[in-house]
Amino acid sequence: MNTIEAMRERLATLAPTTVEIGDDSALHAGHAGARGGGHYRLTIVSPRFAGCSTMQRHRLVYDALAPMMRQEIHALSITAKTPEE
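Within each chain, residue numbers correspond to sequence positions counted from 1 in written order. Side-chain atom pairs in this predicted model are given and counted only at pLDDT of 80 or more, local residue features only at pLDDT of at least 70, and totals for whole chains, interfaces and linings cover all residues. Excluding hydrogens and water, the side-chain figures rest on all heavy atoms present in the structure.

A. Fine view of the sheet that holds strand 2 (residues 38-45). Here, any two strands with at least 2 DSSP bridges between them count as paired. Helix and strand definitions here come from DSSP, where helices need a minimum of 4 consecutive H or I residues and strands a minimum of 2 consecutive E residues; each element is numbered from the N-terminal end. A sheet is described by the order of its strands in space; here three strands give the open sequence 1-2-3, paired in mixed fashion. Taken across any chain shown, the strands that pair with only one partner, and hence form the sheet edges, are strand 1 (18-23) and strand 3 (73-81). Recorded for the sheet is a direction-independent mean angle of 15 degrees between the axes of neighbouring strands. Pairing analysis gives six bridges linking strand 1 to strand 2, with the strands arranged antiparallel. Bridge pairing in strand 2 links Ile21 to Leu42. Pairs of residues are marked as contacts when any of their non-hydrogen atoms sit within 4.5 Å. Fitting a line to C-alpha atoms yields each axis, with helices limited to the stretch in contact; the angle taken between N-to-C directions then spans 0 to 180 degrees. Against the sheet, helix 2 (residues 54-65) touches strand 2 and strand 3, its axis set at about 135 degrees to strand 3.

Right, dumping it as structure tokens:
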């Protein structure tokens, strides 16, 4: 299973209606700290985000991906919305 598939599997706990993951790792090759893990761009839509602040939404995403954040994921850009947004 590749990193994006593993991310999708872990994010399933948030019952998303939409998950879009882009791999921007090639754009960051060679910069300081880019030795391990990739750079990803995530757009996720979930009813679980209703009533949550942006920080709370990001925390839910980071909690779901926590085991991957030290090795597979070096940087993550998150856009988290509710279905109504």
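B. Main features of the environment of Thr54. For Thr54, the position within the fold is in helix 2. Accessibility expressed as a relative area gives 54% for Thr54, which makes it exposed. Burial classification: accessible surface area is computed with a 1.4 Å probe over protein chains only, and a residue below 20% of its type maximum counts as buried, one above 50% as exposed, and the rest as partly exposed.

C. Molecular detail of helix 1 (residues 3-11). Of the positions making up helix 1, those classed as buried are Ala6, Met7 and Leu11. Relative to the axis of helix 1, the buried residues are bounded by an arc of 130 degrees and lie together on one face. Contacts made by the buried residues of helix 1 are with strand 1, strand 2, helix 2 and strand 3. Here the arc refers to the directions that run from the helix axis out to each C-beta atom.

D. Main features of helix 2. To estimate how far a helix should reach, multiply one less than its number of residues by 1.5 Å. Between its first and last C-alpha, helix 2 extends 17 Å over 12 residues, near the 16 Å set by a 1.5 Å rise per residue. Of all the positions in helix 2, only Arg57, Val61, Ala64 and Leu65 are classed as buried. The buried residues of helix 2 occupy one face: seen down the axis, they fall within an arc of 95 degrees. Tucked inside the fold, the buried residues of helix 2 contact helix 1, strand 2 and strand 3.

E. The arrangement of the pairing of strand 2 in detail. Extensive coverage of strand 2 is indicated by the burial of six of its eight residues. Both strand 2 and strand 3 contribute to a ladder of eight bridges, which runs parallel. Note on strand 3: the bridge partner recorded for Tyr40 is Leu76. A clockwise path from the first strand over the helix to the second, with the strands pointing away from the viewer, defines a right-handed crossover. Note on the crossover from strand 2 through helix 2 to strand 3: the handedness is right-handed.

F. Fine view of the packing of helix 1 against helix 2. Viewed as axis vectors pointing N to C, helix 1 and helix 2 meet at an angle of 115 degrees, and their least axial separation amounts to 8 Å. Between helix 1 and helix 2 the crossing geometry is right-handed. Of helix 2, the residues touching helix 1 (which contributes Met7, Arg10 and Leu11) are Val61, Ala64 and Leu65. Nonpolar residues are Ala, Val, Leu, Ile, Met, Phe, Trp, Tyr, Cys and Pro. Charged residues are Asp, Glu, Lys and Arg, and all others, Gly as well, are polar. Tallied by class, the residues present in the contact of helix 1 with helix 2 amount to five nonpolar, no polar and one charged. Helix crossings are classified by the rotation of the near helix relative to the far one: an anticlockwise turn of less than a right angle makes the crossing left-handed, while a clockwise turn makes it right-handed.

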